[in-house]
Amino acid sequence: MYKKAVAAYQNQELDVSIQLANEILTSRPDNFLTLNLLVSIYSLNGDFEKALFYVEKSIEIKPQNVNALQGKGYILFRLERYEESLIYYSKSISIEPNSRVLNNMGIIFSKLSRYKEALDCYEKGISVNLDNHTNVFGKSCLLLLMGELEKGFRFYESRWDIDFFKNKKKIT
């Protein structure tokens, strides 16, 4: 039945997928994959309160699952519960560093006016994945926000030159 629920999800038949997932959970309330399917569906629909409910159940079953921790961090981020989001993002990167998560953490720290921590996250994100431009962009925007215009613009322009970062040249 899980495969049918996933197929319905992939075909954008979300009501059918939800119905099938709930049927599975009736007999197996600890089915981690089904709980995560519901997290995806409700997140996709922007119903972050329901997504939060299911991701919390997922984390009860597998407290060290990186995807569940990242998912809860993202959902809390979307609910503008930034401090809580940082807790779950931090847990996930302590298990497995991820440039996308570090970028989101940089955004949160920026929103909280904690610029040094935001810069640290962007720099770590760049070091984790040199092919990901989002941390370079985030860092350049933050530098501009902080009034470091020349450095911010140089960093902004450098995001197109990925070889620049692969060769680990430093922008000053």
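The present account deals with the structure reproduced in this document. Fair warning: this is a prediction, and the values are worked out from it, not measured in the lab. (Residues numbered from 1 in each chain as written. Predicted model: local features only at pLDDT ≥ 70, side-chain atom pairs only at ≥ 80, totals over all residues. Heavy atoms only, no water.)

**Details of helix H7 (residues 99-111)**
Along an α-helix, a turn takes 3.6 residues, which lines up residues three or four apart on a common side. Here H7 is 13 residues long and its end C-alpha atoms lie 18 Å apart, about the 18 Å a rise of 1.5 Å per residue gives. With ten of 13 residues buried, H7 is to be regarded as a mostly interior element. When H7 is considered as a whole, its buried residues turn out to be Ser 99, Val 101, Leu 102, Asn 103, Asn 104, Met 105, Gly 106, Ile 108, Phe 109 and Ser 110. Taken together, the buried residues of H7 touch helix H5 (66-78), helix H6 (82-95), helix H8 (115-128) and helix H9 (133-145). Sitting at the head of H7, Asn 98 places a side-chain oxygen 2.8 Å from the backbone nitrogen of Arg 100. Trailing H7 by a residue or two, Ser 113 shows a phi angle of about 60 degrees, which is positive. (Helix = DSSP H or I, 4+ residues; strand = E, 2+ residues; numbered from the N terminus. Expected span 1.5 Å × (residues − 1). Buried < 20%, exposed > 50% of the residue type's maximum accessible area, 1.4 Å probe, protein only. Contact = heavy atoms within 4.5 Å. Polar contact = N/O pair within 3.5 Å; in protein donor to acceptor, adjacent residues only side chain to side chain.)

**With respect to the packing of H6 against H7**
Contact pair H6 / H7: the axes reach a minimum separation of 10 Å and the direction vectors enclose 155 degrees. The pairing of H6 with H7 is recorded here as roughly antiparallel in orientation. Handedness of the crossing formed by H6 with H7: left-handed. Facing H6, whose interface residues are Tyr 82, Ser 85, Leu 86, Tyr 89, Ser 90, Ser 92 and Ile 93, H7 presents Val 101, Leu 102, Asn 104, Met 105, Ile 108, Phe 109 and Lys 111. (Axes fitted to C-alpha atoms, helices over the stretch in contact; angles between N-to-C directions. Parallel < 35°, antiparallel > 145°, perpendicular 65-115°, else oblique. Left-handed = near helix turned anticlockwise from the far one by under 90°.)

**Overview of H9**
Taking 1.5 Å of rise per residue, the 13 residues of H9 would be expected to cover 18 Å, and the 18 Å separating its terminal C-alpha atoms lies within 8% of that figure. Phi for Gly 147, located one or two positions after H9, is positive at around 90 degrees.

**Looking at the packing of helix H1 (residues 2-10) against helix H2 (residues 14-27)**
Running from N to C, H1 and H2 point in directions that differ by 160 degrees, and their axes come no closer than 7 Å. Considering their axes alone, H1 and H2 lie roughly antiparallel with respect to each other. Between H1 and H2 lies a crossing of left-handed hand. Here Tyr 2, Lys 4, Ala 5, Ala 8 and Tyr 9 of H1 lie close against H2, whose contacting residues are Leu 14, Val 16, Ser 17, Leu 20, Ala 21 and Ile 24. Residues belonging to the contact of H1 with H2 are distributed by class as follows: nine nonpolar, one polar and one charged. (Nonpolar A, V, L, I, M, F, W, Y, C, P; charged D, E, K, R; others polar.)

**Re the nonpolar core**
Residues Leu 38, Ile 41, Tyr 42, Tyr 54 and Ile 75 are the most contacted members of the largest nonpolar core, which totals 25 residues. For this core, the secondary structure elements donating two or more residues are H1, H2, helix H3 (32-44), helix H4 (48-61) and H5. Examining the composition of this core, we find that seven residues originate from one element, H3, more than from any other. In this structure, Tyr 42 is in contact with Ile 18, Asp 47, Phe 48, Lys 50, Ala 51 and Tyr 54, ignoring residues within four places of it in sequence. (Core = buried A, V, L, I, M, F, W, Y, C linked by side-chain atoms within 4.5 Å.)

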